[in-house]
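Structural overview for review
In case you want the letters, here they are:
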Amino acid sequence: MSVQNQQPKILILGTLSGGYAGADSTGQSHLDYPANTYILPVMSPVMFPPEFYLRAFERGIDGIIVMYSGTDSPYKVEAEGTAKLINRAYQMMKERGIDIRRLRLAAICTVCVKPFLKEVNQMNDLLKGIGFVKDELAGRASAMAGKETAHG
Amino acid sequence: MPENQEPRIGVYVCHCGGNISGAVQCELIAKALKQLPNVTITRTDESLCSDAGQSMIEADIKELGVNRVVIGACAPMLHEQTFRGAVTRAGLNPYLYQHIGLREQDSWVHGHDKQAATDKALRLMSAGVAKARLLQPLEPIRLGAEKHALVIGGGVAGLRSALDIARQGLRVSLVERSPFLGGRMAQLESVFPTEEEARKLLHALIEKVAAHPDITIFTQAEVTGVAGYVGNFNVHVQQHTRGVTNENAEALMAACSQEVPDEFNYGLTQRKVIYKPYAGCYPSTPAVDWENYNGEPISLNGKQVVLKDEPKAFELNVGAVVVATGFDPYTPPQGEYGFGELPQVVTLPHLIRHLALTKNGQPLQWNGRAIRDVALIHCVGSRQVEGIHQPQADGQVNNYCSRVCCTATLHMTAELHKRYPQLNIFDLHQDIRTYGRGHEEYYRRTLEDGVRFLRYNGEELPKVSAAPKGDIHPVLVKVKDRLTYGEEIEIPVDLVVLAVGFMPRDIHGLEKMLKVSRGADRFLLEVHPKLRPVETAVNGIVLAGTAQGPMNIQESLSAASAAAAKVASLLGRGHVELPPFVASVDEHKCNGTGACVEVCLYEGAIALQTFEENGEQIKRAVITPANCVGCGACVSACPNQAIDVQGWTLAQYEAMVEAIGADMSALAEVAS
């Protein structure tokens, strides 16, 4: 058995009342999409602090799609609260030199097969173009080291 | 307890009769995962959900000391409960089990590439093992429950729910805002597709509700406050006095001279402020319309009687609440298709009441003018398009389909033709959505009756204007007809009927008290349209009927019975058990910042409390599990990482993400 470590990895955080069920609906339709996608069920993404996303990138996740239920969420705070947290994550990503397109928030319903496929394919195409996050992080680290040397 | 010992994880990969093993190399996955720390046993099986498959898992728990279980199989929604049952039967806490969906999210979507499907399965299962290491035993939240339900709304859905709940042996309090039961259905004459008399059907139901010893009806009553949680809601109700007694009601009604537009007939007639909406209504005693009564004395038998409202407030302790508050028909704004400007433009509810007031054999007239040509326009207030339609008060357009109006319009068309066969009827529609059993029959019948159907485009609406002077018709309708390839057709008519859709009722206060959410369409929102179609995110609050969205009577009744079944299953045992997936505070980390309290929108779910420790006063967050919905807003808000959602902790997610991102080469090599 061999594993494909050469593919960028896409983490999908799918709500039970949205994206996770949407992924199941896509499966029931037997519609192909890239296999480098790993879907974790969540009650609501409003639980994830911005640092969670940064740590995920540091652990080798190259792209993250948060598939929530948007304004149709059964949880009152989800739509606005998640958007605020993701915006904060974007700020932190910029500070660390991570392309913010690697993190995306999308409203996906339980039967949103086409939007699900569109989101996954778009992220996959993006990652093919911009490559692995570890390269961005390494580039940033070496730039920082260079700066320190120059100052030293 | 085995669950408190070092994790001994059993990993099971299901072939699902070839559905998974057709794409995923299950044996290799099992072999690879055996290398992971804490994994005691890995197995594959043709069908884990079979009795034999479940018995195998149970045996491993009992004989090998497995104390955490990870299963890779079909979607969790199908068999999560099955495997929780197996784990429980073997004596293990049911929440020490993690389910990974390998069929819908892997083998069925990556079948063309077995290597990729197997690689994905390995990472997902590895993530499951990582989470399993951190699983903790959890107990369902068990709360005592009042065997008493509140139904808000005395329309057909509320009545059906109340009766179904009472028949399950629970007490029911039914609170209706108006003085009479029946809601919108009472305003109909006949119902499709059976053509039965609407009020006859309704009254058969009302009689059963009124006669049931466990149902208490409160009319002219409103909910003014709600506190508590599932099983134990404390509800404040205010009820207005009826204002008249059985003895003096009829005489007072006869003597009363103050009149107001009659909402039962959508303002087509006037009624007195002491009134009954129709003969045979329930309750049969007239009531005073306190909103409109001007306080003037009424002269009765030489005495001047001043009516006085003395509302009484009382409390109800109930275990669950059914929200059956109904809908309002859409009211077009001034000028939409000439509504409010041309007197010959009316809505479908107007016409229904107008026909009811027109005796059989009488000619069809409007404002004293004979009707010979009539146009009915579909989708008024529904399927609206931004930029084309005038937005509602909140800035949104109604982009939803109201579903019921197509058949309701054709039902009316058939009725018009039956009573007035000489009428020329024009039906202007975008689409004909007669989706229910027997509904298409109306379309077929009206086609045969000679009704002329014209199809307009939703972005090029028909135009309604006053007819040119001298025309024998008062109104001119222009429509670009897609059925004749865009030909512009002018139809002079005597009456235009707008088939108005459903509007969510303004129940803002109640919505706030109950803490329920609205969807993008502004109707009340269920947790999940398919899996939990009548439950709200607030435990113990369920939805019945058109408060949730457009439904016909049949669908409202089905939803009402579903809501009743949910209430009965919740309260029937005298206690409720809720999933343990609620917030939990680590008292060692919490230093009482209050950030969690600030972000929580669920009243009573989390609060800061003061404790005394070592002679010091300290503040700490405390969760009331029954009020917590487990959304986790408090988790991300806490600066000390002192809160987690049980069963879905941040640490568990971090571990899963680490496993997915890890280099799997070594594991895979062992499996080769």
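These remarks concern the structure in this document. Per chain, residue numbering runs from 1 following the sequence as it is written. The naming scheme follows written order: chains are lettered A onward, ligands numbered 1 onward. It should be noted that, the model being predicted, local features are given only for residues of pLDDT at least 70 and side-chain atom pairs only at 80 or more, the latter also being counted only at that level, while totals for whole chains, interfaces and linings use all residues.

1. Observations concerning the overall build of chain A
- In DSSP terms, a helix is any run of H or I states spanning at least four residues, a strand is any run of E spanning at least two, and both are numbered starting from the N terminus. Secondary structure assignment for chain A yields five helices and four strands.
- What you see in chain A, going N to C, is helices and strands ordered as β-α-β-α-β-α-β-α-α.
- Taking 152 residues into account, the globule formula puts the C-alpha radius of gyration at 15 Å, and chain A, at 17 Å, falls close to it.
- Judged by the C-alpha coordinates and their principal axes, chain A covers about 55 × 40 × 25 Å.
- C-beta atoms are placed from the backbone for every residue, and two residues are taken to be in contact when these atoms lie within 7 Å. For chain A, the share of sequence-separated contacts (at least 6 apart) that also reach a separation of at least 24 residues comes to 81%. The globule rule used for comparison is 2.2 Å times the number of residues to the exponent 0.38, while the radius of gyration itself is calculated over C-alpha atoms.

2. Description of the pairing of strand S29 (residues 475-481) of chain B
Residues and elements named next belong to chain B.
- The pairing of strand S28 (residues 463-466) with S29 spans four bridges and is classified as antiparallel. Considered in S29, the bridge of Val464 is made with Val477.
- Each pair of strands is called paired provided DSSP finds at least two bridges between the two strands. Across seven bridges, S29 lies against strand S30 (residues 487-493) in antiparallel orientation. Across the sheet, the residue bridging to Lys480 is Glu488, located in S30.
- Here S29 folds back onto S30 in antiparallel fashion, the turn holding five residues, of which Tyr485 has a positive phi close to 60°.

3. Topic: the nonpolar core
- A set of buried Ala, Val, Leu, Ile, Met, Phe, Trp, Tyr and Cys residues, joined through C-beta atoms within 7 Å, is what we mean by a nonpolar core. Between the buried cut of 20 or more and the exposed cut of 12 or fewer other C-beta atoms within 10 Å of a residue's own C-beta lies the partly exposed class, and all C-beta atoms are placed from the backbone. With 242 residues, the main nonpolar core has A:Leu11, B:Met125, B:Ala149, B:Val322, B:Val323, B:Val496 and B:Ala544 as its most contacted residues.
- Excluding residues within four positions of it along the chain, B:Met125 makes contact with B:Val11, B:Val13, B:Ile29, B:Leu33, B:Val70, B:Gly72 and B:Ile100.
- Residues B:Met253, B:Val273, B:Ala287 and B:Ile298 belong to the second largest nonpolar core, which totals eleven residues.

4. A look at the interface of chain B and chain A
- With 57 residues of chain B in contact, the opposing surface of chain A contributes 44 residues.
- For the side of chain B that touches chain A, the elements supplying multiple residues, two or more each, are helix H1 (26-33), helix H4 (103-107), helix H5 (114-133), helix H15 (633-637), helix H16 (650-661) and helix H17 (665-671) of chain B.

5. Some details on the environment of A:Glu136
Residues and elements named next belong to chain A.
- Note on placement: Glu136 falls in helix H5 (residues 133-151).
- We classify Glu136 as partly exposed; it has 19 C-beta atoms within 10 Å.
- Sequence separation between Glu136 and Leu126 is ten residues, and the spatial gap between their C-alpha atoms is 14 Å.
- Those residues within four positions of Glu136 in sequence are excluded, and the remaining contacts are Gly97, Ile98 and Asp99.

6. A look at unusual backbone geometry
Residues and elements named next belong to chain B.
- Put simply, Phe192 and Pro193 share a cis peptide bond, and its omega is 0°.
- Along the chain, the position of Pro193 falls in the loop between strand S8 (190-191) and strand S9 (196-197).
- A positive phi angle, close to 50°, is found at Gln220, a residue other than glycine.
- Positive phi, normally seen in glycine, also occurs at Tyr337, with a value near 50°.

7. As for the sheet that holds strand S19 (residues 312-318) of chain B
Residue and element names in this part refer to chain B.
- On the basis of which strands lie adjacent, the open sheet formed by three strands has the order S11-S12-S19 and antiparallel pairing. With partners counted over all chains shown, the strands left at the sheet margins are strand S11 (221-229) and S19, one partner each. Averaged over all neighbouring strand pairs, the angle between strand axes comes to 20°, with direction disregarded.
- The pairing of S11 with strand S12 (residues 232-239) spans eight bridges and is antiparallel. For Ala227, the partnering residue across the bridge sits in S12 and is Asn234. Interaxial angles span 0 to 180 degrees and are taken between N-to-C directions of axes, which are lines fitted to C-alpha atoms, for helices over the stretch in contact.

8. Here we look at the pairing of strand S2 (residues 39-45) of chain B
Residue and element names in this part refer to chain B.
- By the bridge criterion, six bridges tie strand S1 (residues 9-14) to S2 in an arrangement that is parallel. Paired with Cys14 across the strands is Asp45, a residue of S2.
- You can see the chain leave S1, run along H1 and come back into S2, and the turn it takes is right-handed. Orienting the strands away from the viewer, one traces the path from the first strand over the helix to the second; a clockwise path indicates a right-handed crossover.

9. Details of the environment of B:His99
Residues and elements named next belong to chain B.
- With respect to the helices and strands, His99 occurs in strand S4 (residues 97-101).
- Separated by 24 residues in the primary sequence, His99 and Ala75 have C-alpha atoms spaced 8.3 Å apart.
- Not counting chain neighbours up to four residues away, the residues in contact with His99 comprise Ile71, Ala73, Pro76, Glu80 and Phe83.

10. Some words on helix H3 (residues 78-95) of chain A
- Working rule for helices: expected span equals 1.5 Å times residues minus one. For H3(A), spanning 18 residues, the distance from its first C-alpha to its last is 26 Å, which sits close to the expected 26 Å at 1.5 Å a residue.
- Check the buried side of H3(A) and you find it contacts helix H2 (50-58), strand S3 (63-68) and strand S4 (103-107) of chain A together with helix H14 (595-599) and H15 of chain B.
- After H3(A) finishes, the residue A:Gly97 shows a positive phi value of roughly 75°.

11. Considering the packing of H2(A) against H3(A)
Residue and element names in this part refer to chain A.
- Close contact between H2 and H3 brings their axes to 8 Å; oriented N to C, the two are set at 45°. Relative to H3, the element H2 is oriented oblique. Between H2 and H3 lies a crossing whose hand is right-handed. On H3, the residues that touch Pro50, Tyr53 and Leu54 of H2 are Leu85, Arg88, Ala89, Met92 and Met93.
- Each residue receives one of three labels: charged for Asp, Glu, Lys and Arg, nonpolar for Ala, Val, Leu, Ile, Met, Phe, Trp, Tyr, Cys and Pro, and polar for the others, Gly being one of them. Its residues assigned to classes, the contact of H2 with H3 comprises seven nonpolar, no polar and one charged. Throughout, the term roughly parallel applies to angles under 35 degrees, roughly antiparallel to angles over 145, roughly perpendicular to angles from 65 to 115, and oblique to all others. Handedness of a crossing is defined here by the sense of rotation of the near helix relative to the far one, left-handed for an anticlockwise turn of less than a right angle and right-handed for a clockwise turn.

These figures come from the coordinates and say nothing about function on their own.
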